[in-house]
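Summary of the model geometry
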Amino acid sequence: MREKILTFIEKNSRIDLKDLAIMLGVDEVAVANELEAMEAERIICGYHTLIDWDKTTQEKVSALIEVKVTPQRGQGFDSIAERIYNYAEVESVYLISGGYDLLVTIDGKSLREVSQFVSDKLSTLDQVLSTATHFILKRYKDHGTIFGEKKEDKRMKML
Amino acid sequence: MREPLSDTVISLKPSGIRKFFDIVNEMDDAISLGVGEPDFDTPWHIRDEGIYTLEKGKTFYTSNSGLKELRVEICNYLKRRYDLEYDPMGEVLVTVGGSEAIDLGLRAMINPGDEVLIPQPSYVSYEPCTILAGGKPVIINLKAENEFRLTKEELLEAITPKTKILVLPFPNNPTGAIMEKKDLEAIAGVIIEKDLYVISDEIYSELTYGRDHVSIASLPGMRERTILINGFSKAFAMTGWRLGYACGPKKILEQMTKIHQFAIMCAPTNSQYAGIDALKNSDDDVAEMRETYNGRRRYLMHAFKELGLDCFEPYGAFYVFPCIKEFGMTSEEFATRLLEEEKVAVVPGTAFGACGEGFLRISYAYSLEDLKKAMEHISAFIGRLRANK
């Protein structure tokens, strides 16, 4: 049942608990219990809202940063990753295979703010060997959702 | 000037429901639960294949029976999903949708006066196609108490010495009924004993819930007397691509291919290439769509139960078929008033045969949000009807 619940709420975390239970053909209490258990086990780590900030008046700049680091004995990449992900500006941190080690995404109010974070905070960390910053110009799709116009029903109403 | 039209064509009953449909299609603000096609887009990888083959200039005719690679994939798919074995050389014909295959099957097999058994409620084309082919349609009225499945008794009762073909439309549009293996086994004996042929329209075969689809062609002794019809519209959300197929004994398929060759030439080449990709790479897409439909189906069943509206639980297609007999009006009256008063469009059961009277076809090829909105209106409408009794 867990996987089925997750499949439904991954796309719509606001779904009514009662509706979710009906659609899964199970008891509402059972669904509530599973959700609570998965939250406790940190399988469900949060319920976020997908926002196209470009359509708002809020200025927002995002960047992807490739970071090469020196792993530490006994801790591998974990301790440097922690140093980085604790900054509030950091949106996500991934350990990556290939040409660099960590992929860090940053959200800031302006280019300057992001650049400053990289030059002042990120690059100056001891284990960081180098960084390469890529600013995001446009978001087409995020979390499996295509941004842009609302989808229209193009079907004939009756057929 | 003399009469330009054929007597047979004139004799075809125009769909009484057409007028109602036209009104709905003109109403911009109507909430419709009337559509008989998936609300999903064709999975992108299939569309991508279509685009790619256009770019590559693969725009010529294919062989009459369809691209060989597609026929091979159809056979692989039918083996994998339904344990059916067909020879891509001679036992498979790619058609312009399942509808063409139905027409071809009837035309290839009917002699003047042959009787064709058509269980109703069912899709609207079987009856006119039978008449156009010179056959005589004999309607079997399916019953709600049997969950709209065809029983051995109903079948036996309809058979005369002139009966040649049984159309078997399951999973069913409009009722959502399915025929499980035991139901098929019950009628297979009669079919063999009475030496009938079956045109099995299994276009909704991928859409069954909690019950596996079984093709009658997979039962002992049935393969040689069954034309299996299926297609891409419902399984892969490919309605507009117009792609379907028929499988069956070579002797019949050869003649169907002959008609197809003269009337159609071949199914659209672009769609055929896309179809190869659909059959090979869509298992996950189909599973996801099925799961989504199933959730909506459960939602509607629950909503009808709360409303106290009588509705048997359908296990196939994407329709529910609630009974509205308690309100003492015809299906068309009910649907018309629901449209006028609440701007919700549903299809009167009578659009699918006279025995659909007292029922409505409600499609769940809509998002949960749409279904919930529509159910609020239906609930308000029914509340008023009951209050004014």
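What counts as what
Residues numbered from 1 in each chain as written. Chains lettered and ligands numbered in written order. Predicted model: local features only at pLDDT ≥ 70, side-chain atom pairs only at ≥ 80, totals over all residues. Helix = DSSP H or I, 4+ residues; strand = E, 2+ residues; numbered from the N terminus. Rg over C-alpha atoms; globule rule 2.2 N^0.38 Å. Buried ≥ 20, exposed ≤ 12 C-beta atoms within 10 Å, placed from the backbone. Contact = placed C-beta atoms within 7 Å. Pairing = 2+ DSSP bridges. pLDDT = per-residue confidence, 0-100. Axes fitted to C-alpha atoms, helices over the stretch in contact; angles between N-to-C directions. Domains from an automatic or database assignment. Nonpolar A, V, L, I, M, F, W, Y, C, P; charged D, E, K, R; others polar. Core = buried A, V, L, I, M, F, W, Y, C linked by C-beta atoms within 7 Å. Parallel < 35°, antiparallel > 145°, perpendicular 65-115°, else oblique.

**Points about the overall build of chain A**
What chain A contains, in helices and strands, is five helices and six strands. Computed over its C-alpha atoms, the radius of gyration of chain A comes to 21 Å, more than 25% above the 15 Å expected for a compact globule of 159 residues. Within chain A, buried positions represent 16% of all 159 residues.

**Looking at the interface of chain B and chain A**
Counting from both sides, the interface comprises 16 residues of chain B and, opposite them, ten residues of chain A. Counting only elements with at least two residues in the side of chain B that touches chain A, the list comes to α2 (18-26) and α11 (283-307) of chain B. Top contributing element to the side of chain B that touches chain A by residue count: α11 of chain B, with four residues.

**Regarding the pairing of strand β8 (residues 244-247) of chain B**
Residue and element names in this part refer to chain B. Residue alternation in β8 divides its side chains into two sets, Gly-244 and Ala-246 and Tyr-245 and Cys-247, and both sets are buried. Across four bridges, strand β2 (residues 92-95) lies against β8 in antiparallel orientation. In the sheet register, Thr-95 faces β8, and the bridge partner there is Gly-244. Pairing analysis gives four bridges linking strand β7 (residues 226-231) to β8, with the strands arranged antiparallel. Looking across to β8, one finds that Asn-230 is bridged to Tyr-245.

**Considerations on the environment of Arg-211 of chain B**
Positionally, Arg-211 of chain B belongs in the loop between β6 (197-201) and β7. Between the C-alpha atom of Arg-211 of chain B and that of Glu-55 of chain B, which follows or precedes it by 156 residues, the distance is 41 Å.

**Points about the confidence of the model for chain A**
When pLDDT is averaged along chain A, the result is 93; 99% of the residues meet or exceed 70. Mean pLDDT values over the elements of chain A span from 90, in strand β6 (residues 145-146) of chain A, up to 97, in strand β2 (residues 90-95) of chain A.

**Quick word on the sheet that holds strand β4 (residues 128-135) of chain A**
Residues and elements named next belong to chain A. The strand order across the open sheet built from four strands is β2-β3-β1-β4, with neighbouring strands paired in antiparallel fashion. Two strands lie at the open edges of the sheet, namely β2 and β4, each paired on one side alone. Direction aside, the axes of adjacent strands within the sheet are offset by 20° on average. Bridge analysis of β2 against strand β3 (residues 102-108) gives five bridges, and the strand direction is antiparallel. Residue pairing for β3: Val-90 is matched across the bridge by Ile-106. Docked against the sheet, helix α4 (residues 78-85) engages β1 (61-69), β2 and β3, running at close to 165° with respect to β2.

**Description of the domain arrangement of chain B**
All names here are of chain B. By the assigned domains, chain B splits into domain 1 (7-42 + 284-381) and domain 2 (57-282). Between the C-alpha centres of domain 1 and domain 2 there is a distance of 24 Å. Opposite the 33 residues of domain 1 that make contact, domain 2 presents 35 residues. Elements with a contribution of two residues or more to the side of domain 1 that touches domain 2: α11 and β9 (319-320). Top element by residues in the side of domain 1 that touches domain 2 is α11. It accounts for seven residues. In terms of residue class, the side of domain 1 that touches domain 2 is made up of 18 nonpolar, nine polar and six charged.

**A short note on the nonpolar core**
Grouped together as the largest cluster of nonpolar side chains are 119 residues, with contacts concentrated most on Val-167, Ile-199, Ala-246, Val-344 and Val-346 of chain B. The greatest single-element share of this core, amounting to six residues, is contributed by α11 of chain B. With residues up to four places along the chain from it excluded, the contact list for Ala-246 of chain B reads Leu-93, Thr-95, Ala-101, Leu-104, Gly-105, Ile-227, Leu-228, Ile-229, Leu-253 and Met-256 of chain B. Ranked by size, the runner-up nonpolar core spans 16 residues in total, among them Ala-63, Ile-106, Val-114 and Val-128 of chain A.

**Digging into the packing of helix α2 (residues 17-24) of chain A against α11 of chain B**
Between α2 of chain A and α11 of chain B, whose axes approach to 7 Å, the crossing angle comes to 110°. Relative to α11 of chain B, the element α2 of chain A is oriented roughly perpendicular. Seen from α2 of chain A, the contacting residues are Asp-19, Ile-22, Met-23 and Leu-24 of chain A; seen from α11 of chain B, they are Gly-295, Arg-298, Tyr-299 and His-302 of chain B. Within the contact of α2 of chain A with α11 of chain B, the residues separate by chemical class into four nonpolar, two polar and two charged.

**Concerning the sheet that holds β6 of chain B**
Residue and element names in this part refer to chain B. Strand order across the open sheet formed by seven strands is β2-β8-β7-β6-β5-β3-β4, with mixed pairing between neighbours. Of all strands in the sheet, those bounded by a partner on one side alone are β2 and β4 (136-141). Adjacent strand axes in the sheet meet at a mean angle of 20°, parallel and antiparallel pairs treated alike. Pairing geometry for strand β3 (residues 115-120) and β4, over six bridges, is parallel.

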